[in-house]
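Structural features, examined
Residues per chain are reported as follows:
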Amino acid sequence: MAKDHLLNSGFALLVLLISMPLHVAAELHMGLSLDRLSASAWSMENVRIDLKLINADRLSIRLTADSLDHQALPGTLNGIRLDCPVERHQQYYRCDEGRLNIADTPYGPQALDASGTFFDSEHLSIDIQGIKVANGKLNVELELIEGRWDVALYADRIRLESLPKRLTAAWLPEGSDFSGAVKLSAKASGFMSQAEALDISLQVTNFAYADVEGLRVAEEGEFRLQLNADQKDSGWSGKTRLSLSKGQFYADPIFVEVLDEPLLLELRGHWRPGANRVRIVESRLVLPTVMESQGQAEIDTSSGELVEAELRIHSNDLGALYGVILQPMLIGSMVDEVEASGVVDTEVSIKKGELQRLHVSLEDVNIDDRRGLFALYGLSGGLAWNQEDHSKRSEITIEGGQLYRIDFGKLGIRVHAQRGEVRLEEPIALPLMQGTMYIDHLSAEGLLGDLPQWTTSAQFSDISLRALAEAFDWPPMEGTLQGMIPRVHYQQQRLELDGELVVDVFGGTISVGELVIEDPLGRVPELFADLQLSGLDLTQITQTFSFGHITGGLEGEIAGLHLASWEPIAFKARFNTPEQDRIPHRISQRAVDNLTALGNGVGSGLSTTFLGIFKEFRYNRIELQAELNGNVAELDGMPRADGGYYIVKGSGLPRIDVIARNRQVAWKTLLERLKSIRVEGMEMR
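Residues numbered from 1 in each chain as written. Predicted model: local features only at pLDDT ≥ 70, side-chain atom pairs only at ≥ 80, totals over all residues. Heavy atoms only, no water.

The next subject is the overall build of the protein. Scanning the protein from N- to C-terminus turns up eight helices and 44 strands. Relative to its full complement of 685 residues, the protein shows a buried share of 41%. Sequence-distant contacts in the protein: of pairs separated by 6 or more residues, those separated by 24 or more amount to 45%. (Helix = DSSP H or I, 4+ residues; strand = E, 2+ residues; numbered from the N terminus. Buried < 20%, exposed > 50% of the residue type's maximum accessible area, 1.4 Å probe, protein only. Contact = heavy atoms within 4.5 Å.)

Shown next as structure tokens:
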């Protein structure tokens, strides 16, 4: 039984031979051969041990074997020969100048220095120097005391690209390329076949990596990894620290370049192999100038699922956080091209891979869309969202902003958010173009899914036409807008107006129906709508635009309006004097000239005729029709027998008619005519 125990420990023959009482003075040769020598974790084939006794205190040992297999080795060792001169001390044997030669290993032939101390099979130490591994050197130290063991590995100048493929295949995707230089210090200890402690320090320079798809790439990397772990009960507890001091790292869709300060990741946690669980009780991630986070998490190692997590993220520079982390994940959304600044604190709770709770604190945050679609300035407050019912409200103040070049002033927002829903807690009074827009309803659903949608309704009053014109580079206008926006619905990047948008302007109303905007915040938004004009006062309109004085009423419609990127693509429009209009009909000389230029491309030239002495004329009716389809506009008015058409049909003496004969005109030409209209104090653009 004793002999079997020694065999299983791997030292049977040595103990059997060198433990014998040696009291002879003459040289003694002994040898023993075995076809196979093995234990649970290793085996040796065709083993022979030769013992040469020189004197009572000195002997020489030679061990040869055809092969050695061990579960910790990346492959079989072939052609093994160990020569060891041994000195016998009172309680132990010592070999200081041993040589270990191995003809074939996964890393090529080996010629190594070996030394060691042997008390008995339960007390020994081994030191092997100069193992050639991937163009570098590896030293191994082993100490065994009554079943307890300590192993230390020291490696330098290991080239990652020279490691055997069969070694890297277990932890790298097939087809991956990587390179770099490694310096390693590793220590492990345990009892019998059970490891109990691990201490690793790994330093890598000139690191490069690329997977087959190019979704994970590293260049010029330099990092250091430290790992300390101890076994407790049925699991492991430990901590690790990863410091990236140089390089560019890309993991789709995030790119990080480490320059002046290191990127730092620190973890402390527990691992239970039998339960397939890793519990991170404390974590810290520092991205210099970008963010810092702390948190806890639990991961299912069998599936890679994030069982639960609690994270706290702080950033003093929202612009840097957006550029590195957020923007790559928001490509294709309405906020994938913005400039940002400010301070942000975020708390996130996740269970079974799903977001459970989110709280964001904002301090002096500014967001500006590079395409000019929107801007928000001076955001402060908190956003609170929860998967379950909760009473916490989101409260935010905004100092000002812009939407489609329309500036708005300071406002406060209170909303309640839970699951995929957000609703407005109280109406918002939005200062807008010297007036006010009252948003009395706003709700959103499905914000966490692929099909978010929202609805809103609002009213507006005293909106300045001058401010509106300045915002869109329109001709100067005077007066104000009043109106009501019925229910607006947004879903699948499509905004629809349920009902009619009614605007009170120029003494009458403009009703907008069938309004649809496709991809309103995209690169090429498209608008479809029908407009009805009724009860408008031409006096207010012409004063607003400095077009030339006209009195009388105006009505009309714009059907099938289609805009792409806010430029007209198609419409069918008609503007005319209402039947039974009771307002006196007067038109100034300048208005006649401008209308003539619009219909014919040249003005009437009234000022050069005897009619130039009259400043205004009476008229019976005004009518202008225009239909745009593509690049050509069809113009029309009141029919004439000679094939032309009236834009203005005069009345009384002196009578003045505005007659046009061209019915087709290129849209660009019509725009040029509009630009050439003589308007005091402005230029048409």
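Structure's up, so let's keep going.
Once that is clear, we can look at unusual backbone geometry. The omega angle of the peptide bond from aspartate 252 to proline 253 is 10°, so this bond is cis rather than trans. As for its position among the elements, proline 253 is in the loop between β13 (235-251) and β14 (254-258). Even without being a glycine, asparagine 46 presents a positive backbone phi close to 50°. As for its position among the elements, asparagine 46 is in strand β2 (residues 42-53). For asparagine 46, a relative accessible area of 39% translates into the label partly exposed. Of note in the backbone geometry, glutamine 492 takes a positive phi value of approximately 50° without being a glycine.

Locating arginine 99 in the fold gives a position in strand β5 (residues 93-104). In this structure, the C-alpha to C-alpha distance between arginine 99 and leucine 82, residues 17 residues apart in sequence, is 5.8 Å. Within the structure, arginine 99 has its side chain in polar contact with the side chain of aspartate 113 (distance 2.5 Å). (Polar contact = N/O pair within 3.5 Å; in protein donor to acceptor, adjacent residues only side chain to side chain.)

To continue, consider the state of the cysteines. Joining two cysteines, a disulfide is a covalent bond between their sulfur atoms. Taken as a whole, this structure holds one disulfide when the rule is applied. Disulfide pairing is shown between cysteine 84 and cysteine 95; the S-S distance is 1.8 Å. With a gap of 11 residues between them, cysteine 84 in strand β4 (residues 77-88) and cysteine 95 in strand β5 connect regions that are remote in the sequence. Like cysteine 95, cysteine 84 is buried. (Disulfide = S-S within 2.5 Å.)

Take the packing of aromatic side chains next. In the structure shown here, the tally under the stated rule is three aromatic pairs. Note on tyrosine 92 and phenylalanine 119: the rings are 5.1 Å apart at their centroids and 45° apart in plane angle, and the pair reads as tilted. Here phenylalanine 119 lies in strand β6 (residues 110-120) and tyrosine 92 lies in the loop between β4 and β5, a separation of 27 residues in the sequence. Take tyrosine 92: its relative accessible area is 26%, and that puts it in the partly exposed class. For phenylalanine 119, a relative accessible area of 41% corresponds to the partly exposed category. (Phe/Tyr/Trp six-rings, centres within 6.5 Å; stacked < 30°, edge-to-face > 60°.)

Relative to the assigned elements, aspartate 300 resides in strand β17 (residues 291-300). Looking at aspartate 300, its side chain comes within polar contact range of the side chain of arginine 277, at 3.2 Å. If we skip the residues at most four places from it in the chain, aspartate 300 touches Asn276, Arg277, Glu305 and Val307.

What follows deals with the pattern of salt bridges. All told, the structure shown has 34 salt bridges when counted by the stated rule. The salt bridge partner of arginine 279 is glutamate 308, with a shortest N-O separation of 2.7 Å. You can see arginine 279 sitting in strand β16 (residues 277-287) and its partner glutamate 308 sitting in strand β18 (residues 306-315), a full 29 residues away along the chain. The partly exposed category is assigned to arginine 279, whose relative accessible area is 29%. The partner of glutamate 426 in a salt bridge is arginine 414, and the shortest N-O contact between them spans 3.5 Å. Here glutamate 426, found in the loop between β26 (421-424) and β27 (428-432), pairs with arginine 414, found in strand β25 (residues 411-418); they are 12 residues apart in sequence, far enough to count as distant. Taking the relative accessible area as the measure of exposure, glutamate 426 reaches 38% and is therefore partly exposed. A relative accessible area of 28% means that arginine 414 is categorised as partly exposed. Because the salt bridges share partners, they merge into one network encompassing Arg277, Arg279, Glu298, Asp300 and Glu308. (Salt bridge = Lys/Arg side-chain N within 4 Å of Asp/Glu carboxyl O.)

Sheet topology note: the strand β7 (residues 123-133)/strand β8 (residues 136-145) ladder contains nine bridges and is antiparallel. Paired with lysine 132 across the two strands is lysine 137, which belongs to β8. Taking the residues between adjacent antiparallel strands as the criterion, β7 and β8 are bridged by two residues, where alanine 134 takes a positive phi near 50°. Hairpin connection from β8 to strand β9 (residues 148-159): two residues lie between these consecutive antiparallel strands, with glutamate 146 at a positive phi of about 50°. (Pairing = 2+ DSSP bridges.)

Attention now moves to the environment of arginine 405. Structurally, arginine 405 can be placed in the loop between β23 (400-403) and β24 (406-408). Expressed as a C-alpha distance, the spacing of arginine 405 and leucine 468, which sit 63 residues apart in the sequence, is 9.3 Å.

Averaged over every residue, the pLDDT of the protein is 83; residues scoring 70 or more account for 88%. Taken as a whole, residues 601-614 scores under 50 in pLDDT and shows 26 contacts with residues more than four places along the chain or in a different chain. (pLDDT = per-residue confidence, 0-100.)

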